[in-house]
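Here is what each chain is made of, one letter per residue.
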Amino acid sequence: MQTVIHAEKLSKHFGDFKAVSEISFNVQTGEIFGFLGANGAGKTTAMRMLCGLSIPTSGKASVAGFDVFKQTEQIKKNIGYMSQKFSLYEDLTVTENIRFFGGIYGLSNAELKEKSELLINQLGLQNETKKLVGALPLGWKQKLSFSVAVLHNPKIVFLDEPTGGVDPVTRRQFWDLIYEAAERGVTIFVTTHYMDEAEYCNRVSIMVDGKIEALDSPTGLKEQFNADSMNEVFFELARGAKRNGD
Ligand SMILES: Nc1ncnc2c1ncn2[C@@H]1O[C@H](COP(=O)(O)OP(=O)(O)OP(=O)(O)O)[C@@H](O)[C@H]1O
Ligand SMILES: [Mg+2]
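Conventions we followed
- Residues numbered from 1 in each chain as written.
- Chains lettered and ligands numbered in written order.
- Predicted model: local features only at pLDDT ≥ 70, side-chain atom pairs only at ≥ 80, totals over all residues.
- Heavy atoms only, no water.
- Pairing = 2+ DSSP bridges.
- Helix = DSSP H or I, 4+ residues; strand = E, 2+ residues; numbered from the N terminus.
- Axes fitted to C-alpha atoms, helices over the stretch in contact; angles between N-to-C directions.
- Contact = heavy atoms within 4.5 Å.
- Expected span 1.5 Å × (residues − 1).
- Buried < 20%, exposed > 50% of the residue type's maximum accessible area, 1.4 Å probe, protein only.
- Arc of directions from axis to C-beta.
- Near = heavy atom within 4 Å.
- Polar contact = N/O pair within 3.5 Å; in protein donor to acceptor, adjacent residues only side chain to side chain.
- Areas by Shrake-Rupley, 256 points an atom, 1.4 Å probe, with all protein chains shown as cover.
- Donors = N, O, S within 2.8 Å, 3.2 Å for Na, K, Ca; no water.
- Parallel < 35°, antiparallel > 145°, perpendicular 65-115°, else oblique.
- Left-handed = near helix turned anticlockwise from the far one by under 90°.
- Nonpolar A, V, L, I, M, F, W, Y, C, P; charged D, E, K, R; others polar.
- Domains from an automatic or database assignment.

## Focus: the sheet that holds strand β3 (residues 32-37)
Here comes step 1: Strand order in this open sheet of six strands is β6-β7-β8-β3-β9-β10, and the pairing throughout is mixed. Both edges of this open sheet fall to β6 (79-82) and β10 (211-216), since each of them pairs with a single strand only. Geometrically, the sheet is characterised by an average inter-axis angle of 15° between neighbouring strands, direction not taken into account.
Here comes step 2: Where β3 and strand β8 (residues 187-192) come together, five bridges link them in parallel fashion. Its bridge partner being in β8, G34 is matched across the sheet by V190.
Here comes step 3: Packed onto the sheet, helix α5 (residues 138-149) meets β6 and β7 (156-160) and runs at close to 160° relative to β6.
Here comes step 4: Contacts from helix α9 (residues 230-238) reach β3, β9 (203-208) and β10 within the one sheet, and its direction differs from that of β9 by about 30°.

Spelled out as structure tokens, the structure:
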């Protein structure tokens, strides 16, 4: 096991406000690492620092061996990022979006052709290639967006609430895509509000007001909080309950 994401007392302040406050953790290669927290807990802010999109106020962090302060360009080349806000072009077709983003990621024409065929077959989008992305159901948009984020075979993919607003069946299908990527050795860093999704992660960190208040496997967290479900863990933590061993 190798550490691919390392954060040490990483912080981001906006003026006096501590959006992310001294978070520390390591993520290992091939891990599915869940990042949980209520609205405004600081998940997106933390993720943007790790993606090289926002310079931290203090602390240390590296992603794929690159420093988040000094080597943001190298980080961007080695990761995939699916932002919380839908980021494909709604007024381009499915094929045009794939070609556009593949081009940005520096894929050759031959690679692009091969990859886009594979992606379209995997998602079952054979009959939709000429449709505008804006006309697709949200679940398909999200799946397409994920597939585009891993088009260039990144080592790590950051997913910011990738299944927000999507129905349970489509969410399950989305997680099948995540598992397939993890089996190929891609490390997954994913934020979510859905507690069933937390159960799918190898380890889960729970953020409250900018701080990581708990971090363990779902089983480990349930033991710590004497809880039957991740839902219960989350609520216990939110009301500041004592855990086993405290
Ligand atoms: N650029 C900014 N300037 C000032 N405050 C900010 C900025 N970006 C985020 N914040 C604040 O930092 C806090 C954390 O926001 P963040 O978006 O990281 O939360 P989140 O956990 O991703 O929430 P959500 O689940 O709603 O996406 C919020 O209070 C937000 O208003
Ligand atoms: Mg967010």
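## A closer look at helix α4 (residues 109-123)
Here comes step 1: The end-to-end C-alpha distance of α4, which contains 15 residues, comes to 21 Å, matching closely the 21 Å that a straight helix rising 1.5 Å per residue would cover.
Here comes step 2: Those residues of α4 that fall on the buried side of the exposure criterion are L112, S116, L119, I120 and L123. All buried residues of α4 lie within an arc of 95° about the axis, which places them on one face of the element. In α4, the exposed positions that point more than 90 degrees away from the buried face belong to A110, K113, E114 and L118.
Here comes step 3: Each element contacted by the buried residues of α4 is listed here: α3 (94-104), α5 and α6 (168-183).
Here comes step 4: Looking one or two residues beyond α4, the residue adopting positive phi is G124, at roughly 65°.

## Side note on the site of ligand 1
Here comes step 1: Of all residues adjacent to ligand 1, which total 14 residues, the nearest are G40, K43, T44, T45 and Q84.
Here comes step 2: Taking Q84, its side chain carries an N or O atom lying 2.8 Å from an oxygen atom of ligand 1.
Here comes step 3: Considering ligand 1 on its own, with 630 Å² of exposed area, one finds that the protein chains cover 60% of that surface.
Here comes step 4: Elements with a contribution of two residues or more to the shell around ligand 1: β2 (17-28) and α1 (43-50).
Here comes step 5: When residues of the shell around ligand 1 are assigned to their parent elements, the largest contribution, three residues, is made by α1.

## Section: the coordination of the magnesium ion (ligand 2)
Here comes step 1: Donor atoms from the polypeptide that coordinate the magnesium ion (ligand 2) comprise T44 (OG1) and Q84 (OE1), at 1.9 to 2.2 Å from the metal. Taken together, the residues T44 in helix α1 and Q84 in the loop between β6 and α3 connect sequence positions 40 residues apart.
Here comes step 2: According to the relative accessible area criterion, T44 is partly exposed, its value standing at 26%.
Here comes step 3: Of the residues examined, Q84 reaches a relative accessible area of 42% and is grouped as partly exposed.

## Regarding the packing of α3 against α4
Here comes step 1: At a minimum axis distance of 10 Å, the contact between α3 and α4 shows a crossing angle of 135°. One way to sum up the angle between α3 and α4 is to call them oblique. Note on packing geometry: the crossing formed by α3 with α4 is right-handed. Across from I98, R99, G102 and G103 in α3, the residues of α4 making contact are N109, L112, S116, L119 and I120.
Here comes step 2: Of the residues in the contact of α3 with α4, the class split is four nonpolar, four polar and one charged.

## Considering the sheet that holds strand β5 (residues 66-67)
Here comes step 1: With antiparallel pairing, the four strands of this open sheet are ordered in space as β2-β1-β4-β5. With partners counted over all chains shown, the strands left at the sheet margins are β2 and β5, one partner each.
Here comes step 2: The sheet contacts of α1 involve β1 (3-14), β2 and β4 (58-63), and relative to β1 the element is tilted by about 120°.

## Side note on the domain arrangement of the protein
Here comes step 1: The domains assigned to the protein are domain 1 (79-191) and domain 2 (203-246).
Here comes step 2: Just the C-alpha atoms count here: the centres of domain 1 and domain 2 sit 31 Å apart.

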